[in-house]
Amino acid sequence: MSISLSSLILLPIWINMAQIQQGGPDEKEKTTALKDLLSRIDLDELMKKDEPPLDFPDTLEGFEYAFNEKGQLRHIKTGEPFVFNYREDLHRWNQKRYEALGEIITKYVYELLEKDCNLKKISIPVDATESEPKSFIYMSEDALTNPQKLMVLIHGSGVVRAGQWARRLIINEDLDSGTQIPFIKRAVDEGYGVIVLNPNENYIEVEKPKIHVQSSSDSSDEPAEKRERKDKVSKETKKRRDFYEKYRNPQREKEMMQLYIRENGSPEEHAIYVWDHFIAKSAAENVFFVAHSYGGLAFVELMIQREADVKNKVTAVALTDSVHNVWHQEAGKTIREWMRENCCNWVSSSEPLDTSVESMLPDCPRVSAEGCCSIQNKTSRMGR
């Protein structure tokens, strides 16, 4: 049986607690003091001392994984699917490893959008300066010039980025299940222009600048000898504090700050921005949306903000497990009526595909996606 470092550190305290509790009433004060000490110990931080370094590969090859001809992620040597619990009893480390792999997969999907789907990466805001934070979307060559039809794809919330539906499905199932690539390829084959939104890319992260504390000696009128003593004490205090911090949290991650992207600071803002600067200016007579989960909420917000324009340009909307709520979002009667005629929400259900599913909301019809994740079945329904 293995014993963690944190357990060894806490063991003497636990033993002492047990011994004290066996004593008389006069030992209550010591018990209280020890309980207070235990309450001050951050076990999560303490457990980090048992972790291997949070240093992960930056390529699929480094992880020893690759996508096979079926689009499934498999170990290069064993052929086995991805294993989350790579190290037992190290959930945080396993989660960090999973997140590192997810970042690589995001870049891999971007490459597929450009190379396999022939989409172009378009930077936003369109008038961004060189130094300000930027995001991007993907568009087909004819997205703005196709006179007939345009397909717009919006994913849900969370870690997913442009071209993805669900990271979990990409890793555990395959690329066709978890990405928008089947939708994009079919849309292109059927003569659609395509725009792929990127609603979760709302900010960039930069390391927080270190705050410089001015030494008291800089502006003090104290005698030089007294200032030197103070500076020496200050340096010793800082040295002890840094040593303690390194012991308490040896894998301390950098403190980051978020710099939000102008006019794209939320999925809702992003949808409106892309509408104003791209979709509204497109030549397409008919615009179609496919919106998953929170993407459905973002579309409803777009309707609320640009109702007349959306009604004039959008022909139909396919929602998949949409989390929109016309009451909470305060969508008016005319919007709800339009949604009943032009939208359909495919939801997870055990009923046969396209079977009507009861809804408490007075907006668009809800139908079954037949027991599995609705985004997988929508590919076969897109031509309707």
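So, here is what we can say about the structure in this document.

Quick notes on the rules
- Residues numbered from 1 in each chain as written.
- Predicted model: local features only at pLDDT ≥ 70, side-chain atom pairs only at ≥ 80, totals over all residues.
- Heavy atoms only, no water.
- Salt bridge = Lys/Arg side-chain N within 4 Å of Asp/Glu carboxyl O.
- Helix = DSSP H or I, 4+ residues; strand = E, 2+ residues; numbered from the N terminus.
- Buried < 20%, exposed > 50% of the residue type's maximum accessible area, 1.4 Å probe, protein only.
- Axes fitted to C-alpha atoms, helices over the stretch in contact; angles between N-to-C directions.
- Parallel < 35°, antiparallel > 145°, perpendicular 65-115°, else oblique.
- Left-handed = near helix turned anticlockwise from the far one by under 90°.
- Contact = heavy atoms within 4.5 Å.
- Nonpolar A, V, L, I, M, F, W, Y, C, P; charged D, E, K, R; others polar.
- Phe/Tyr/Trp six-rings, centres within 6.5 Å; stacked < 30°, edge-to-face > 60°.
- Lys NZ or Arg CZ within 6 Å of the ring centre and 35° of its normal.
- Pairing = 2+ DSSP bridges.

## Some words on the pattern of salt bridges
- What the rule picks out here adds up to 10 salt bridges.
- Residues Asp276 and Arg306 are paired through a salt bridge, measuring 2.8 Å at the closest nitrogen-oxygen approach. Linking Asp276 in helix 10 (residues 267-277) with Arg306 in the loop between helix 11 (294-305) and helix 12 (307-313), this pair joins segments that are 30 residues apart in sequence.
- A residue is classified by how much of its surface remains accessible, and Arg306, at 24% relative accessible area, is partly exposed.

## Concerning the packing of helix 10 against helix 11
- With their axes 9 Å apart at the nearest point, helix 10 and helix 11 run at an angle of 55° to one another. Taken together, helix 10 and helix 11 sit at an angle that is classed as oblique. Relative to helix 11, helix 10 is oriented so that their crossing is right-handed. Contact residues: Pro267, Glu268, Ala271, Ile272 and Trp275 in helix 10; Tyr294, Leu297, Ala298, Glu301, Leu302 and Gln305 in helix 11.
- Each residue belonging to the contact of helix 10 with helix 11 can be placed in one class, and the counts come to 8 nonpolar, 1 polar and 2 charged.

## Here we look at the environment of Gly296
- Its place among the elements puts Gly296 in helix 11.
- Spatially, the C-alpha atoms of Gly296 and Asn325 are 9.3 Å apart, while their sequence positions differ by 29 residues.
- The contacts of Gly296, once residues within four sequence positions are left out, are Ala291, Leu319, Ser322 and His324.

## What to know about the packing of aromatic side chains
- Counted according to the given criterion, the structure contains 15 aromatic pairs.
- For the ring pair Tyr86 and Trp93, a centre distance of 6.2 Å and an interplane angle of 25° mean the geometry is stacked.
- For Trp93, a relative accessible area of 6% translates into the label buried.
- Members of the aromatic cluster, each reached through a chain of ring pairs, are Tyr65, Phe82, Phe84 and Tyr98.
- If you follow Arg87 out to its NZ or CZ, it ends over the ring of Trp93, 4.9 Å from the centre.

## Examining the packing of helix 11 against helix 13 (residues 333-342)
- Interaxial distance between helix 11 and helix 13 falls to 10 Å at its minimum, and their mutual angle equals 130°. By the criterion of interaxial angle, the relationship of helix 11 to helix 13 is oblique. The handedness of the crossing between helix 11 and helix 13 comes out as right-handed. Residues Phe299, Val300, Met303 and Ile304 of helix 11 pack against Ile335, Trp338 and Met339 of helix 13.

## Digging into the sheet that holds strand 12 (residues 356-357)
- Strand order in this open sheet of 9 strands is 3-4-6-5-9-10-11-13-12, and the pairing throughout is mixed. Sheet topology places strand 3 (120-124) and strand 12 at the edges, where each strand pairs with a single neighbour.
- Summarising the sheet, strand 3 and strand 4 (residues 135-139) pair through 5 bridges and their orientation is antiparallel. When the bridges of strand 4 are listed, Ser123 appears paired with Phe136.
- Taken strand by strand, helix 8 (residues 181-189) contacts strand 5 (149-154), strand 6 (193-196) and strand 9 (286-292), and its axis lies near 155° from that of strand 6.

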